[in-house]
Amino acid sequence: RPPRALASEEALWRTLAARAFWPPGDASGLPALGEPLAPELAAPDPSDRDGDGPAPTSGVSAAPSWRLAYIRWAAAARHVGEESFSGPVWLTIARAWRDVEAALAVHAPDILSTLQPPAPRAWLGTLASAHLRALYAMHNGQALALDDAFLDRDRAAARAHQADVTRGMFGGYSAYDALVCTRLQPVARAERIMHTLGPAAFPDGTPARVFGSTWELRRVTCVGSDDRVRVGDFQGPRSGAFLPGPAPLLADWFAAFARRLRAGTYGPGRLVPEHPASQGILLFPQVPDGRGCCAAATSGVEVAISAVHAPEAPAKGFVYSVRIRGGVGALPGGAPTAQLESRRWVIHDGTGAPPREVVGPGVIGHFPIVAADGRWRLGPGPGAREEARLGWEHGWFVYQSVTGPLAGALDHPGWDWDEERAGEDTGMAWEGRPRPGAAPASFEGALSFVPGTLAQPLGPPFKVAVPRIRFGRQRYTF
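About the cut-offs
Residues numbered from 1 in each chain as written. Predicted model: local features only at pLDDT ≥ 70, side-chain atom pairs only at ≥ 80, totals over all residues. Heavy atoms only, no water. Helix = DSSP H or I, 4+ residues; strand = E, 2+ residues; numbered from the N terminus. Buried < 20%, exposed > 50% of the residue type's maximum accessible area, 1.4 Å probe, protein only. Contact = heavy atoms within 4.5 Å. Expected span 1.5 Å × (residues − 1). Axes fitted to C-alpha atoms, helices over the stretch in contact; angles between N-to-C directions. Parallel < 35°, antiparallel > 145°, perpendicular 65-115°, else oblique. Left-handed = near helix turned anticlockwise from the far one by under 90°. Nonpolar A, V, L, I, M, F, W, Y, C, P; charged D, E, K, R; others polar. Pairing = 2+ DSSP bridges. Phe/Tyr/Trp six-rings, centres within 6.5 Å; stacked < 30°, edge-to-face > 60°. Lys NZ or Arg CZ within 6 Å of the ring centre and 35° of its normal. Salt bridge = Lys/Arg side-chain N within 4 Å of Asp/Glu carboxyl O. Core = buried A, V, L, I, M, F, W, Y, C linked by side-chain atoms within 4.5 Å.

**A look at unusual backbone geometry**
Leaving glycine aside, a negative phi is the common case for residues, and trans is the common case for peptide bonds.
Item 1. One non-glycine residue with positive phi stands out, namely Ser299, at about 55 degrees.
Item 2. When you line up the elements, Ser299 lands in the loop between strand S12 (293-298) and strand S13 (301-309).
Item 3. Look at Ser299 and you get partly exposed, because its relative accessible area is 35%.
Item 4. For Ile364, which is not a glycine, the phi torsion comes out positive at approximately 40 degrees.

**Re the environment of Leu37**
Item 1. For Leu37, the location among the structural elements is in strand S1 (residues 37-41).
Item 2. Here Leu37 falls in the buried class, since its relative accessible area comes to 13%.
Item 3. Leu37 sits 32 residues away from Ala69 along the chain, and the two C-alpha atoms are 6.6 Å apart.
Item 4. Dropping the residues within four chain positions of it, Leu37 is found in contact with Pro31, Val60, Ser61, Ala62, Trp66, Ala69, Trp73 and Arg95.

**Thoughts on helix H2 (residues 66-80)**
Item 1. Taking 1.5 Å per residue, 15 residues should reach 21 Å; H2 reaches 21 Å between its end C-alpha atoms and fits that length.
Item 2. Those residues of H2 that fall on the buried side of the exposure criterion are Trp66, Ala69, Arg72, Trp73, Ala74, Ala75, Ala76, Ala77, His79 and Val80.
Item 3. Gly81 occupies a position one or two residues after H2 and carries a positive phi of about 115 degrees.

**What to know about the packing of helix H3 (residues 87-107) against helix H10 (residues 250-263)**
Item 1. Running from N to C, H3 and H10 cross one another at 30 degrees; their axes reach a closest spacing of 8 Å. By the criterion of interaxial angle, the relationship of H3 to H10 is roughly parallel. Judged by the sense of rotation from one axis to the other, the crossing of H3 with H10 is left-handed. On the side of H3, the interface is formed by Val89, Thr92, Ile93, Ala96, Trp97, Asp99, Val100, Ala103 and Leu104, while H10 contributes Ala251, Phe254, Ala255, Phe257, Ala258, Leu261 and Arg262.
Item 2. Counted by class, the contact of H3 with H10 contains 13 nonpolar, one polar and two charged residues.

**Quick word on the sheet that holds strand S5 (residues 183-184)**
Item 1. What the five strands build is an open sheet, ordered S5-S6-S7-S8-S9; its pairing is antiparallel. Edge positions in the sheet fall to S5 and strand S9 (241-242), since each has one partner strand and no second.
Item 2. Bridge analysis of strand S7 (residues 219-223) against strand S8 (residues 229-233) gives five bridges, and the strand direction is antiparallel. Looking at S8, one finds that Thr221 is bridged to Val231.

**Overview of H3**
The periodicity of an α-helix, 3.6 residues per turn, causes residues three or four positions apart to be oriented the same way.
Item 1. Between its first and last C-alpha, H3 extends 30 Å over 21 residues, near the 30 Å set by a 1.5 Å rise per residue.
Item 2. Listing the buried residues of H3 in full gives Gly87, Val89, Trp90, Leu91, Ile93, Ala94, Ala96, Trp97, Val100, Glu101, Ala103 and Leu104.

**A word on the packing of aromatic side chains**
Item 1. For the coordinates displayed, the defined rule picks out 26 aromatic pairs.
Item 2. A network of ring pairs unites the aromatic residues Trp97, Phe170, Phe211, Trp253, Phe254, Phe257, Tyr266, Tyr476 and Phe478 as a single cluster.
Item 3. Positioned above the aromatic ring of Trp396 is the side chain of Arg323, whose terminal nitrogen or guanidinium carbon lies 4.8 Å from the ring centre.
Item 4. Here Arg375 stacks its cationic end above the ring of Trp392, 4.6 Å away from the centre of that ring.

**Things to note about the pattern of salt bridges**
Between side chains of opposite charge, pairing is possible as soon as their charged atoms come close.
Item 1. Throughout the structure, instances matching the rule amount to 16 salt bridges.
Item 2. Two residues, Arg183 and Asp147, come together in a salt bridge whose shortest N-O distance is 2.7 Å. One end of the pair, Arg183, is in strand S5; the other, Asp147, is in helix H7 (residues 145-152), with 36 residues separating them in the sequence.
Item 3. Exposure remark for Asp147: the relative accessible area of 2% places this residue in the buried category.
Item 4. A salt bridge links Glu191 to Arg209, with the nearest nitrogen and oxygen atoms 3.0 Å apart.

**Observations regarding the sheet that holds S13**
Item 1. Taken in spatial order, the four strands line up as S12-S13-S14-S20 in an open sheet, and their pairing is antiparallel. With partners counted over all chains shown, the strands left at the sheet margins are S12 and strand S20 (397-402), one partner each. Going across the sheet, the axis of each strand differs from the next one's by a mean of 15 degrees, ignoring polarity.
Item 2. Where strand S14 (residues 318-325) and S20 come together, six bridges link them in antiparallel fashion. For Val319, the partnering residue across the bridge sits in S20 and is Val402.

**Quick look at the nonpolar core**
Item 1. By size, the foremost hydrophobic cluster in this structure holds 69 residues, and its most contacted members are Trp90, Trp97, Tyr136, Met169, Phe211 and Phe254.
Item 2. It is H3 that contributes the most residues to this core, 10 residues altogether.
Item 3. For Phe254, the residues in contact, after removing those within four places along its chain, are Ile93, Ala96, Trp97, Val100, Leu135, Met169 and Phe170.
Item 4. Tyr320, Trp345, Val363 and Val464 belong to the second-largest nonpolar core, a separate cluster that totals 32 residues.

Right under this line is the structure:
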């Protein structure tokens, strides 16, 4: 056929794809005429007796023509439900899945190995949320034996699979004896969780569908039929309470998580710093950017601080992480080591009230020694016996704690409201109302170190700055 006829046919198939799979009157994000992007399809299943046809995958690639692209789009729509299928939502979630898969392959292959194949078409049909159907159409949650053992009340199996605690795909954090790590629950297990917890509803009365939770169900992540995500605390004094404020669309929520994982904002690490076996995805922002993670170096010692809102913490608290290391310049007097002596925190609660100061020895009972070559180890405190040495470690000494009450913190926007959000839901506008004249809640301070060690000082104490970090309501809670 003449080139003009072929071009006209391509334009026709692209127009048909836009009408069938894009919202009416909105062609934003529709692939260009010369780039017929479409979902990739899995190889046909010989055992498929229901006529479902090949299932879509998380891949998106250019088809040889827009006619073939239309066929692939139609297969994806048929798999998850044609009536509410959205091409832009599919592209957003598919690309996010690819970013998550790539990041986990490099940094957390044990978590990647827990991702299950796509959910069966019949199961997807039970879900009211179109966004959730697209999410499960690519991976049916995580295979985690611990979660099944908990629901089965099988203590022996739960003990045997304790390593699963920190293998939640959506990451987590810890402070003292509290540990949060959210996993993507498979469709069938999510049904069991909802049966265990009982009916859940959002503040507006719409039913809430669980798709993520911690292993012991302390925290659950739900989506409504309107495709919006909320996080709730289903144990403790606020049992069943969902976070107030605007709720993001699931596609945007998942894309934000994938974007942060890809950029290294969230990354691998010990969720419980003192336990090497607690490797997982840390939700403390890792990259110093002056917003989610702030860092400063003083006299050869660097301190990085980041925080995350913990809705399960008492009094709307925040969990914060302070990382300390040497190896960023000479220590005072050329000393080979320096040991932490004391701390001084200055905490503003966001209401305009005078700041609260916290002064004390060490940090949570520890007096780490940092070396000029970048290593660290725990050391004895003032007048204490030599504590058990765990040996020198490279990198950061990390400790995590909770701020306590910050009455005005959630009246101010958190760091992630500054993120670029091109194309995301305009319904997520900031709605907070801080008190007049009140600065955002924040945390800063100083650490006092001694060159050498506390037992054998090599010079006078010196101060190391802990940079200010602000606390506020997060746009996305994972």
